[in-house]
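# Working through the structure, step by step
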Amino acid sequence: MTQPRHHDIVIIGGGAAGTSVAASLLRQRPTLDVAVIEPSDTHYYQPAFTLVGGGTYALEDTARPQARTLPHNATWIRQPVTALKPEQQRVVLNNGNEIHYRALVVAPGIELNWSAIEGLPEALGQGGVCSNYDPSLARYTWQCIDSLKAGRALFTQPSTPIKCAGAPQKIAYLAAHQWQKRQQSHQIQAQFYSGMGALFSVPDFVPHLQNVAIDYGIGINLKHDLIRVDGERHIATFKVTDQNGKSHDVEETYDVLHVTPPQRAPQFVRDSTLANEAGWLNVDAHTLQNPEYPEVFSLGDASSLPTSKTAAAVRKQAPVVVKNLLAFLDKEPLTARYDGYTSCPVVTGYGEVMLAEFTYGGTVTPTLPLNPFKRSRFYWVVKKHLLPPFYWRYMLRGKEGDIAHKERH
Ligand SMILES: Cc1cc2nc3c(=O)[nH]c(=O)nc-3n(C[C@H](O)[C@H](O)[C@H](O)COP(=O)(O)OP(=O)(O)OC[C@H]3O[C@@H](n4cnc5c(N)ncnc54)[C@H](O)[C@@H]3O)c2cc1C
């Protein structure tokens, strides 16, 4: 049998996490043999999908060719990974080839599970059923918002973990603001449905976000999980769970339905012995290293890290993986530690953002000494104009200079 191809460091996924780690490793040690396994030709700046759906950002500006975003001195393997063989230090590609590694970084992002909702795959992209979670659908979200003059608009969030847990709300606020500006609010009934038990995972932000929804007249329906879409009859069915854990179904009519699909770890991660019980790639919450296979690290949406899944979190995780991975290669102790930092710029309307920054346990840790609960014009400018170039030119190039976040009272 032929020997599998070998690379010192293999990185699965060339998204926000994989590219940042590859670039930083090669910036610090240009002679390292790094391979990135990435099947897609296009790298998307996903945080701007919300703005595309809100009609205030061009979809083209969210996309760059992968050939330009991956570091030029990394080897790019254009195949999806289909299996992990940690006991042999190998990954298996879709074409059957195997790659042997000395250290592995697993960062393939999250899987969107559209078909978990009956009727949704058939209904999507027409008849008012839209989603910012797929770039091919985000522009249709804006068409739906822009063309609605009267009727019912429903915005959903599933009960599974999702990337950017604030995104389902953000588009509801943008839509409601748009209808308010056009003085159509009284003709449009907007409702937010979440499978979760709270509007946001960090309790400190909840009353402030509730006030935003109240100001726009958006109804909040918690413990409502979308389970079925009847695209022809324009009916969305929710499974509603009461305080005693009992559930029943409720049907709602809609004119516009913005869906955030249920999400889970990619199948090859769920199927592997490296996954935790929930299917995420199991790593220590602080070192980002797998407890059983010390040569395996993970970060980003596919990892088991108990924090909100965002590119902002990846920005803080990547330097930890890089430092600890280099220490592992050098047979030194792992000293870098991740504190769970993540941030969610909750767009509360055109020209305003409430920037939620927090660490493990929901401790609010702003980077700047500004009131984090205030809707801010400044953070809108940061979100729309400063973060995209920061992402492309700084984070994806492996640059790590940083302003420290901290708990402020
Ligand atoms: C609508 C929306 C709004 C968002 N808003 C924000 C925001 O405001 N702020 C914020 O910080 N974050 C936001 N995010 C989340 C952010 O984009 C993700 O958390 C971030 O991209 C995660 O990085 P990642 O590298 O783990 O995954 P990704 O960036 O998704 O990259 C994963 C990569 O792995 C590749 N891959 C997949 N399967 C395989 C396989 N089998 N083999 C090899 N490669 C594979 C994919 O092609 C992809 O390139 C938003 C996301 C969405 C969808």
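Residues numbered from 1 in each chain as written. Predicted model: local features only at pLDDT ≥ 70, side-chain atom pairs only at ≥ 80, totals over all residues. Heavy atoms only, no water.

### Some words on the sheet that holds strand β13 (residues 219–221)
The strand order across the open sheet formed by 5 strands is β10-β17-β11-β12-β13, and the pairing between neighbours is parallel. Because the sheet does not close on itself, it has two edges, and the strands there are β10 (129–130) and β13. The pairing of strand β11 (residues 151–157) with strand β12 (residues 188–194) spans 7 bridges and is parallel. Looking at β12, one finds that A153 is bridged to A190. (Pairing = 2+ DSSP bridges. Helix = DSSP H or I, 4+ residues; strand = E, 2+ residues; numbered from the N terminus.)

### Here's the deal with the packing of helix α6 (residues 167–181) against helix α7 (residues 206–216)
Running from N to C, α6 and α7 point in directions that differ by 30°, and their axes come no closer than 10 Å. Relative to α7, α6 is oriented roughly parallel. For α6 against α7, the interelement crossing comes out left-handed. Contacts between α6 and α7 pair Q169, Y173, A176, H177 and Q180 from the former with L209, V212, A213, D215 and Y216 from the latter. (Axes fitted to C-alpha atoms, helices over the stretch in contact; angles between N-to-C directions. Parallel < 35°, antiparallel > 145°, perpendicular 65-115°, else oblique. Left-handed = near helix turned anticlockwise from the far one by under 90°. Contact = heavy atoms within 4.5 Å.)

### Re the site of the ligand
If you check the shell around the ligand, you find 35 residues, and the closest are A17, E38, K170, D301 and A312. Q46 is positioned with one of its side-chain polar atoms (N or O) 3.0 Å from an oxygen atom of the ligand. Contacts to the ligand include K383, whose side-chain N or O atom sits 3.0 Å from an oxygen atom. Coverage of the ligand by the protein chains reaches 90% of its 990 Å² of free accessible surface. Only α1 (16–28), α2 (49–53), α6 and α9 (311–329) provide two or more residues apiece to the shell around the ligand. The greatest single-element share of the shell around the ligand, amounting to 3 residues, is contributed by α9. Looking at the shell around the ligand residue by residue, the class counts come to 19 nonpolar, 10 polar and 6 charged. Shared between two domains, the shell around the ligand takes at least three residues from each, and those domains are domain 1 (5–110 + 265–337) and domain 2 (115–262). (Near = heavy atom within 4 Å. Polar contact = N/O pair within 3.5 Å; in protein donor to acceptor, adjacent residues only side chain to side chain. Areas by Shrake-Rupley, 256 points an atom, 1.4 Å probe, with all protein chains shown as cover. Nonpolar A, V, L, I, M, F, W, Y, C, P; charged D, E, K, R; others polar. Domains from an automatic or database assignment.)

### Topic: the side chain of T307
Relative to the assigned elements, T307 resides in the loop between β19 (296–298) and α9. A distance of 2.8 Å separates a polar atom in the side chain of T307 from the backbone oxygen of G340.

### Side note on the pattern of salt bridges
Per the counting criterion, the structure on display carries 16 salt bridges. With a closest N to O distance of 2.5 Å, R29 and D330 form a salt bridge. Of this pair, R29 sits in the loop between α1 and β2 (34–37) while D330 sits in the loop between α9 and β20 (342–349), and the two are 301 residues apart along the sequence. On the basis of relative accessibility, which here comes to 37%, the residue D330 falls in the partly exposed class. (Salt bridge = Lys/Arg side-chain N within 4 Å of Asp/Glu carboxyl O. Buried < 20%, exposed > 50% of the residue type's maximum accessible area, 1.4 Å probe, protein only.)

### Focus on the pairing of strand β6 (residues 81–85)
Bridge count for β6 against strand β7 (residues 90–93) is 4 bridges, and the pairing is antiparallel. Looking at β7, one finds that A83 is bridged to V92. Linking two consecutive strands that pair antiparallel, namely β6 and β7, is a turn of 4 residues; a positive phi of about 55° is found at Q89 within it.

Everything listed here is a matter of coordinates, which is why it stays silent on function.
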